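# Geometric and topological summary
Each chain, written out:
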Amino acid sequence: TAMERAPALRTEAAANAVRQGLAGSAGLRFGALRTVALVPGLASSAWHEVVGSVDDSNAYVAAMAARAVLEGGLDVHLGAADGRHLLEKCLRQWERVASPQDATKVSLRTSRETIGGLLSSPDQRDRLLAIRLLPWLDREETFVSERVFEIVRETDASKHDEVVAA
């Protein structure tokens, strides 16, 4: 986008135009969210609209909103249930359209301890988040492989979503 390439165009009027686009048609929302994803700092000025767009009925708009949250470098706190659920939802939407190279654009960091705690949670959304965070574990290939095989071998029908996520 022009705002991405030319910092001089990152004016309040341009930011307002992007925010207005977030309330428009699916095509306008997609374009506005693409701009938000590409322009550093723009997501914070339209955070509420961007987060709301993660639940958009248009799959492409929802995925672009997730990309804006994930690639925008915004800090989503795992300590709060709302933050964990937003991150899980964003990763789920983002996975629909992301290519393998896109993973390098998302600056997520996690630890084996965090993943282990989330996997043992009674809340299925926390377990799904843990599964979706496995690719971001650094130098823990054996741990990741063991967790994926444990999940796939699970025969409990109530954990179908977890098997699909793995």
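Attention now goes to helix H10 (residues 141–153). For H10, which comprises 13 residues, the first-to-last C-alpha distance of 18 Å matches the rise-based estimate of 18 Å (1.5 Å per residue) to within 8%. The complete set of buried residues in H10 reads Phe-143, Val-144, Arg-147 and Ile-151. Down the axis of H10, the buried set is contained in an arc of 95 degrees. They therefore lie on one face. Relative to its buried face, H10 has exposed residues pointing more than 90 degrees away, namely Glu-141, Thr-142 and Arg-153.

Our focus in this paragraph is the side chain of Thr-110. Its place among the elements puts Thr-110 in the loop between helix H7 (81–95) and helix H8 (112–119). Using a relative accessible area of 18% as the deciding quantity, one classes Thr-110 as buried. Setting aside its immediate chain neighbours within four residues, Thr-110 contacts Ile-115, Leu-133, Trp-136 and Leu-137.

Moving on, we get to the packing of H7 against helix H9 (residues 124–133). For the pair H7 and H9, interaxial distance at closest approach is 9 Å and the crossing angle is 50 degrees. Taken together, the axes of H7 and H9 are oblique relative to one another. Remark: the crossing between H7 and H9 carries left-handed chirality. Seen from H7, the contacting residues are Arg-84, His-85, Leu-87, Glu-88, Leu-91, Arg-92 and Glu-95; seen from H9, they are Arg-125, Asp-126, Leu-128, Leu-129, Arg-132 and Leu-133. For the contact of H7 with H9, the per-class residue count stands at five nonpolar, one polar and seven charged.

What follows is about the packing of helix H3 (residues 26–38) against helix H6 (residues 59–71). Two measures define how a pair of helices packs: the angle their axes make with one another and the distance between the axes. At a minimum axis separation of 8 Å, H3 and H6 run at an interaxial angle of 15 degrees. Regarding the angle of H3 to H6, the classification is roughly parallel. Our pair here, H3 against H6, has a crossing hand that is left-handed. Together, Ala-26, Arg-29, Phe-30, Leu-33, Arg-34, Val-36, Ala-37 and Leu-38 of H3 and Tyr-60, Val-61, Met-64, Ala-65, Arg-67 and Ala-68 of H6 make up the contact between the two elements. The residue inventory of the contact of H3 with H6, partitioned by class, reads 11 nonpolar, no polar and three charged.

Attention shifts here to the side chain of Arg-127. Mapped onto the fold, Arg-127 is located in helix H9. Its relative accessible area of 14% is what places Arg-127 among the buried residues. At 3.1 Å, the side chain of Arg-127 forms a polar contact with the backbone oxygen of Pro-122.

Reading the values: the criteria
- Residues numbered from 1 in each chain as written.
- Predicted model: local features only at pLDDT ≥ 70, side-chain atom pairs only at ≥ 80, totals over all residues.
- Heavy atoms only, no water.
- Helix = DSSP H or I, 4+ residues; strand = E, 2+ residues; numbered from the N terminus.
- Expected span 1.5 Å × (residues − 1).
- Buried < 20%, exposed > 50% of the residue type's maximum accessible area, 1.4 Å probe, protein only.
- Arc of directions from axis to C-beta.
- Contact = heavy atoms within 4.5 Å.
- Axes fitted to C-alpha atoms, helices over the stretch in contact; angles between N-to-C directions.
- Parallel < 35°, antiparallel > 145°, perpendicular 65-115°, else oblique.
- Left-handed = near helix turned anticlockwise from the far one by under 90°.
- Nonpolar A, V, L, I, M, F, W, Y, C, P; charged D, E, K, R; others polar.
- Polar contact = N/O pair within 3.5 Å; in protein donor to acceptor, adjacent residues only side chain to side chain.

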